[in-house]
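This is what each chain is made of:
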Amino acid sequence: MHHGCMLLHRLARVSQEVAATSARSRKTALLAELFRDAEADDVPIVIPYLAGRLPQGRIGVGWKVLSRPVAPAAEPSLTVRDVDARLAELAKVSGPGSQAERARLVGELMGAATEEEQRFLLGLLTGEVRQGALDAVAVEGLAQATGAPAADVRRAVMLAGSLQSVAEALLADGPASLDRFRLTVGRPVLPMLAHSASSVAEAVDKLGACAVEEKLDGIRVQVHRDGDTVRLYTRTLDDITDRLPEVTAAALELRGERFILDGEVISFDEAGRPRSFQETAGRVGSRTDVATAARAVPVSPVFFDALSVDGRDLLDLPFTERHAELARLVPEPMRVRRTVVSGPDDVRTAEEFLTETLKRGHEGVVAKALDAPYSAGRRGASWLKVKPVHTLDLVVLAAEWGHGRRTGKLSNLHLGARTADGGLAMLGKTFKGMTDAMLTWQTERLRQLAVADNGFVVTVRPELVVEIAYDGLQRSTRYPAGVTLRFARVVRYREDKRPEDADTVETLLAAHPEVSP
Ligand SMILES: Nc1ncnc2c1ncn2[C@@H]1O[C@H](COP(=O)(O)OP(=O)(O)OP(=O)(O)O)[C@@H](O)[C@H]1O
């Protein structure tokens with residue numbers, strides 16, 4: 001085994017080879033070889049770079065600066081840690097003269113890179129090398145490189161909520177280090193997610209015996225309690241404990257002393273009807289003057305799952321058993337309403353429950369297989385959501401400068417769905433459904449993400465996820481997927497989602513057999 005600081009040259013080459021081959025086993029082997037040569041300290045850089053993610057998030061350098069030609073170095077000398085240090089420095093630049101300073105730093109970096117490395121860096125900085133499916137292959141590559149069983153690595157990643165920390169531990173301390181990644185109160189795990197079904201009949205048909213639960217349009221919350229200590233996490237694992245004192249108070253009232261529960265926080269009005277998503281989200285998002293915000297828009301937790309109780313890890317138990325634990329800890333008014341359906345013969349019960357749930361002002365239902373374990377961090381096939389208004393989560397690829405009343409604002413959004421090869425395919429455009437506040441917000445946000453501006457269209461790093469309502473699909477030769485959205489309109493921005501969470505062309509086409517060739 002050869003160790004040493006990993007060269008960018010090596011990473012750039014492997015990245016290109018991985019992208020160029022479609023054989024999964026070959027991708028895995030390439031990554032395994034790379035990981036064998038990596039040191040634990042390289043990992044927090046190597047993995048995001050391979051996936052096309054910048055650990056710094058944003059570095060504020062536009063296309064104009066990036067595309068300026070710089071004479072390449074003849075020989076590779078940059079290490080991945082050099083590059084990371086330089087990008088960290090770039091990300092910190094602010095204040096007057098920062099544009100020029102950033103341009104200087106980019107010039108220096110590019111000048112130290114060979115032609116091949118320059119191409120890689122350009123792709124990375126513009127967000128063009130994003131490889132969505134990479135993390136899954138990286139798990140297999142890591143397993144191969146370290147001799148750990150792939151299933152164990154996957155479970156550790158799921159519990160750690162981060163591939164990087166598992167990779168670091170594996171490379172530093174070998175397979176035995178996976179023991180560290182146990183479900184622990186106080187350490188959040190990625191929540192289980194749902195797929196869509198177009199009707200309750202379809203959901204029940206697919207799942208068989210299932211629980212049909214109301215789907216509350218609030219904010220996902222994971223509640224950890226250890227004695228008197230409570231911590232609250234969002235679906236992206238942000239700690240929001242300080243913002244929601246009433247949820248902490250509710251958790252302290254529950255019967256158990258040590259637990260991890262999964263649920264939704266939502267605000268109800270005096271009549272007991274759910275307030276809009278925007279109101280709940282605004283409340284959960286506000287960090288200052290929590291007391292005033294809590295008086296104006298009080299929120300309540302409504303639980304639907306139990307991950308750990310009294311030090312017992314429940315993840316692998318069937319839902320029925322996890323729910324029994326939940327019911328033992330949480331009184332009925334603080335649990336989501338549900339009905340249990342024995343199978344397709346009983347679909348009427350499920351349909352009536354959906355109708356009644358919609359009447360009470362909720363957005364739909366989630367059907368859950370009774371025998372399924374909790375698959376943290378996955379869009380498991382055992383949870384199926386059914387909503388009458390179907391929406392898509394798409395990635396903003398670009399935006400056009402507005403006209404008339406919208407002059408000076410970025411208005412018409414170019415929308416992309418994920419493709420099977422990890423890329424993004426444009427599905428259409430929309431300037432509908434935006435409030436003035438949204439226009440202002442998106443203009444600001446998209447300018448930060450801009451990589452090119454031709455005076456008409458501003459191309460952005462594909463990072464912003466937006467929820468789109470639409471009336472159907474139609475065939476179109478103008479768009480790469482061969483289809484476009486009819487009457488697309490913005491519902492809201494989904495800052496809780498990453499581009500990796502956006503919908504795929506594949507699932508969209510599957511949901512619309514009417515346009516399939
Ligand atoms: N009873 C419930 N069971 C599971 N999730 C629920 C329930 N009620 C509300 N939810 C919310 O619905 C989400 C599940 O849908 P999904 O996994 O597709 O995420 P999503 O894309 O955020 O959902 P959507 O965009 O449809 O609101 C959960 O993350 C949770 O926030």
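About the criteria used
- Residues numbered from 1 in each chain as written.
- Predicted model: local features only at pLDDT ≥ 70, side-chain atom pairs only at ≥ 80, totals over all residues.
- Heavy atoms only, no water.
- Helix = DSSP H or I, 4+ residues; strand = E, 2+ residues; numbered from the N terminus.
- Rg over C-alpha atoms; globule rule 2.2 N^0.38 Å.
- Buried < 20%, exposed > 50% of the residue type's maximum accessible area, 1.4 Å probe, protein only.
- Contact = heavy atoms within 4.5 Å.
- Areas by Shrake-Rupley, 256 points an atom, 1.4 Å probe, with all protein chains shown as cover.
- Lys, Arg positive; Asp, Glu negative; His and termini not counted.
- Charge placed at Lys NZ, Arg CZ, Asp CG, Glu CD.
- Pairing = 2+ DSSP bridges.
- Near = heavy atom within 4 Å.
- Polar contact = N/O pair within 3.5 Å; in protein donor to acceptor, adjacent residues only side chain to side chain.
- Domains from an automatic or database assignment.
- UniProt positions renumbered as here; feature names shortened; annotations may be inferred.
- Salt bridge = Lys/Arg side-chain N within 4 Å of Asp/Glu carboxyl O.
- Axes fitted to C-alpha atoms, helices over the stretch in contact; angles between N-to-C directions.
- Parallel < 35°, antiparallel > 145°, perpendicular 65-115°, else oblique.
- Left-handed = near helix turned anticlockwise from the far one by under 90°.

S.K.: Could you give me a rundown of the overall build of the chain, with the residues and numbers involved?
M.R.: Across its full length, the chain holds 18 helices and 19 strands. Here the chain has a C-alpha radius of gyration of 24 Å; the compact-globule value for 517 residues is 24 Å, and the two agree. Dimensions of the chain, computed from the C-alpha atoms along their principal axes, are close to 70 × 65 × 55 Å. The buried share of the chain, taken over its 517 residues, is 53%. Long-range contacts, defined here as pairs at least 24 residues apart, represent 71% of the contacts in the chain between residues at least 6 apart. Of the accessible surface of the chain, which amounts to about 23300 Å², a share of 51% is contributed by carbon and sulfur atoms. In the chain, which carries 67 positive and 71 negative side-chain charges, the distance between the mean positions of the two groups comes to 4 Å.

S.K.: Break down the sheet that holds strand S6 (residues 300–309) for me, citing the residues and quoting the values.
M.R.: Taking strand neighbours across the sheet as the criterion, the five strands line up as S4-S3-S5-S6-S7 in an open arrangement whose pairing is antiparallel. The open sheet is flanked by strand S4 (229–233) and strand S7 (312–313), the only strands paired with a single partner. The pairing of strand S3 (residues 219–226) with strand S5 (residues 258–266) spans eight bridges and is classified as antiparallel. When the sheet's bridge partners are listed, Arg 220 is paired in S5 with Glu 264.

S.K.: Describe the site of the ligand, listing the residues and the values that go with them.
M.R.: The full set close to the ligand counts 21 residues, and Glu 264, Lys 368, Lys 385, Lys 387 and Lys 497 are the nearest of them. At 2.8 Å from an oxygen atom of the ligand is found a side-chain nitrogen or oxygen belonging to Arg 235. Take Lys 368: an N or O atom from its side chain is 2.8 Å from a nitrogen atom of the ligand. A total of 590 Å² of accessible area belongs to the ligand in isolation, and the protein chains cover 97% of it. Of all the secondary-structure elements, those providing two or more residues to the shell around the ligand are strand S1 (193–196), strand S2 (210–215), strand S9 (364–369) and strand S10 (379–386). The residue makeup of the shell around the ligand includes at least three contributed by each of domain 2 (193–386) and domain 3 (391–515).

S.K.: Go over the UniProt feature "binding site: ATP" (unreviewed entry) in the chain with me, naming the residues and quoting the values.
M.R.: In this structure's numbering, the residues bearing the UniProt feature "binding site: ATP" (unreviewed entry) are Glu 213, Arg 220, Arg 235, Glu 264, Phe 304, Arg 379 and Lys 385. The buried category is assigned to Arg 220, whose relative accessible area is 12%. Excluding residues that lie within four positions of it along the chain, Arg 220 makes contacts with Pro 191, Met 192, Leu 193, Tyr 233, Thr 234, Arg 235, Asp 262, Gly 263, Glu 264, Phe 304, Tyr 374 and Trp 383. Here Met 192 takes part through its backbone oxygen, which lies 2.9 Å from a polar atom of the side chain of Arg 220. Position of Arg 379 relative to the elements: it lies in strand S10. Residue Arg 379 is classed as partly exposed on the basis of its relative accessible area, which comes to 31%. Leaving out residues up to four positions away in the same chain, Arg 379 has contacts with Leu 193, Ala 194, His 195, Arg 235, Lys 497 and Asp 501.

S.K.: So what about the domain arrangement of the chain? Which residues, and what values?
M.R.: By the assigned domains, the chain splits into domain 1 (8–179), domain 2 (193–386) and domain 3 (391–515). Each of domain 1 and domain 3 was reduced to a C-alpha centroid, and the two centroids are 27 Å apart. Taken together, the contact pairs 15 residues of domain 1 with twelve residues of domain 3. One can count zero salt bridges joining domain 1 with domain 3. One can count two residue pairs in polar contact (both at pLDDT 80 or more) joining domain 1 with domain 3. Elements that contribute at least two residues to the side of domain 1 that touches domain 3 include exactly helix H4 (63–66) and helix H7 (115–126). The greatest single-element share of the side of domain 1 that touches domain 3, amounting to three residues, is contributed by H7.

S.K.: I'd like a rundown of the packing of helix H8 (residues 134–146) against helix H9 (residues 150–160), residues and numbers included.
M.R.: Interaxial distance between H8 and H9 falls to 9 Å at its minimum, and their mutual angle equals 125°. Judged by the angle between their axes, H8 and H9 are oblique. As for how H8 packs across H9, the hand of that crossing is right-handed. Contacts between H8 and H9 involve Val 139, Glu 140 and Ala 143 from the first element and Ala 150, Val 153, Arg 154 and Val 157 from the second.

S.K.: Describe in detail the pairing of S10, supporting the description with residues and values.
M.R.: A large share of S10 lies buried, amounting to six of its eight residues. Here S1 pairs with S10 via three bridges, running parallel. Bridging across to S10, His 195 finds its partner in Leu 384. The pairing of S9 with S10 spans four bridges and is classified as antiparallel. Within the sheet, the bridge partner assigned to Val 365 lies in S10 and is Val 386.

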